[in-house]
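# Examining the three-dimensional arrangement
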Amino acid sequence: MISVLICGALGKMGANILELLKNEDEICAVCGVDLKDCKIGGLPVYSSFEKVTEKVDAIIDFSSPKIIKDELAFALNCGCAVVLATTGYSAEDLALIEEASDKIAVFRTANFSLGVNLLVKLVKEAASFLGENFDIEIIEKHHSQKVDAPSGTALMLADGANAVLENKKTYLYGREGACGKRGKEIAMHAVRGGTIVGEHDVLFCGEDEIITLSHSARSKKVFAAGAIKAAKWVAHKPAGKYDMNDLLQIK
């Protein structure tokens, strides 16, 4: 049985993960870390990693970039894998993650949805086929409480297209005022409102035609299910960096 720690156990994603784990027979939650000490249905939740005493094989983190330093220190100390489902990391955070991956297994992706990762693959294929003849615009929509923009998924989609185009494109985040004619860019536009779970549209705009590739998440459970799948897969992997391409064997 794989033992996991849920970082952000008191949040909505934590609740989704705990609900889905009830139907799992290969993996279970043994504790959580969040802002306060408490229990959820008998599961101990600690206000810091220093208080954790349970044996942990993997961490599933849907919390905040603010916790990454303590989280990695705990993981390095106990030798467990880390599944990072948080976005908005700083350059310093990413450097810490990179360093940690030399000693432990680190699974990080901006989106754990199977459909989104298929979308990334389709975007790469479209960019390869259409080349420089089509402009690329990305529109992402999320709930009113999301704190970072553009979304990690929008950046993942942009990076996928740009890699195919030999990274020739610059990134533009929204437009305002007399911004001039469109240049050689991939533009990203963020919408925040209500309870939108997550929607992403990638537009390939050519002369007299537009191709739109889209994904809409109707429930956060799709992300929780993907994170659990990742934890089961990465728990006993050797040190290194992993993502959904490795899990799904997407090239």
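That block above? That's the structure.
Below is a short write-up of the structure. (Residues numbered from 1 in each chain as written. Predicted model: local features only at pLDDT ≥ 70, side-chain atom pairs only at ≥ 80, totals over all residues. Heavy atoms only, no water.)

### As for the overall build of the protein
Here is the rule we go by: Strands are runs of DSSP state E lasting at least two residues, helices are runs of H or I lasting at least four, and both sets are numbered from the N terminus onward. Values of the radius of gyration come from C-alpha atoms, whereas the globule rule sets the reference at 2.2 Å times the count of residues to the power 0.38. A simple rule labels every residue: compare its accessible area, found with a 1.4 Å probe on the protein chains alone, to the largest value its type can have, and call it buried under 20%, exposed over 50%, or partly exposed in between. Contacts between residues were defined by any pair of non-hydrogen atoms, one from each residue, lying within 4.5 Å. Only the protein chains shown count as cover for residues, and all accessible areas are computed by the Shrake-Rupley method using a 1.4 Å probe. His is not counted here, nor are the chain ends, while Lys and Arg score as positive and Asp and Glu score as negative. Where a charge sits is defined by one atom per residue type, namely NZ (Lys), CZ (Arg), CG (Asp) or CD (Glu).
A count of helical and extended segments in the protein gives seven helices and 13 strands. Taken against the 2.2 N^0.38 rule, which gives 18 Å for 251 residues, the C-alpha radius of gyration of the protein at 19 Å falls within 12% of a compact globule. Projected onto the principal axes, the alpha-carbon positions of the protein cover approximately 60 × 40 × 35 Å. Per-residue burial for the protein yields a buried fraction of 47% across its 251 residues. Taking contacts inside the protein between residues at least 6 apart in sequence as the whole, the part at least 24 apart equals 65%. If you sum the accessible surface of the protein, you get close to 13000 Å²; carbon and sulfur atoms cover 51% of it. Charge centroids of the protein, computed over 29 positive and 34 negative side chains, lie 2 Å from each other.

### Notes on the sheet that holds strand 6 (residues 81-84)
The test is simple: In this analysis, strands are considered paired if DSSP registers two or more bridges between them. Lines fitted to the C-alpha atoms define the axes, with helices restricted to the stretch that makes contact. Angles between their N-to-C directions range from 0 to 180 degrees.
Read from one edge of the open sheet, eight strands run 3-4-2-1-5-6-7-13, paired in mixed fashion. Edge strands, defined here as strands with exactly one partner in the open sheet, are strand 3 (38-40) and strand 13 (240-242). The mean angle between the axes of side-by-side strands here comes to 25°, regardless of whether they run parallel or antiparallel. Here strand 5 (residues 58-61) runs beside strand 6; their pairing, made up of four bridges, is parallel. When the bridges of strand 6 are listed, I59 appears paired with V82. Strands strand 1 (2-7), strand 2 (27-33), strand 3, strand 4 (43-46) and strand 5 of the sheet are contacted by helix 1 (residues 12-21), whose axis makes an angle of about 160° with strand 1.

### Focus: the layout of surface pockets
Heads up, the condition is: In this analysis, the protein atoms alone were mapped onto a 1 Å grid. Cavities are point sets where a 1.4 Å probe fits without being able to get out; pockets are open sets with protein on both sides within 12 Å along at least five of seven lines; lining residues have an atom within 4 Å of a point. Grid points are joined across faces, edges and corners, and a volume is the space filled by probe spheres set on the points. Only Asp, Glu, Lys and Arg are considered charged in this grouping, and only Ala, Val, Leu, Ile, Met, Phe, Trp, Tyr, Cys and Pro are considered nonpolar; every other residue, Gly among them, is considered polar.
Size it by volume and the largest pocket reaches roughly 1200 Å³. As for the largest pocket, its lining consists of 41 residues, and the residues nearest its centre are M13, F62, S63, S64 and T86. Breaking the lining of the largest pocket down by element, the ones donating at least two residues are helix 1, helix 5 (152-164), strand 11 (198-206) and strand 12 (209-217). A class-by-class count of the residues in the lining of the largest pocket yields 15 nonpolar, 19 polar and seven charged. Of the voids in this model, the second largest pocket is the one considered here, and its volume is about 760 Å³. Along the walls of the second largest pocket sit 27 residues, with R108, T109, A110, M156 and D159 positioned nearest its centre. Elements with a contribution of two residues or more to the lining of the second largest pocket: helix 3 (91-100), strand 7 (105-108), helix 4 (114-130), helix 5, strand 13 and helix 7 (244-248). Tallying contributions element by element places helix 5 first for the lining of the second largest pocket, with five residues. For the lining of the second largest pocket, the residue count by class is twelve nonpolar, eight polar and seven charged.

### What about unusual backbone geometry?
Residue A149 is joined to P150 through a cis peptide bond whose omega torsion reads -5°. Take P150: it is sitting in the loop between strand 8 (135-142) and helix 5. For N167, which is not a glycine, the phi torsion comes out positive at approximately 55°. Residue position: N167 is located in the loop between helix 5 and strand 9 (170-173). Notably, D208 is not glycine yet its phi reads approximately 70°, a positive angle. Tracing the backbone shows D208 in the loop between strand 11 and strand 12.

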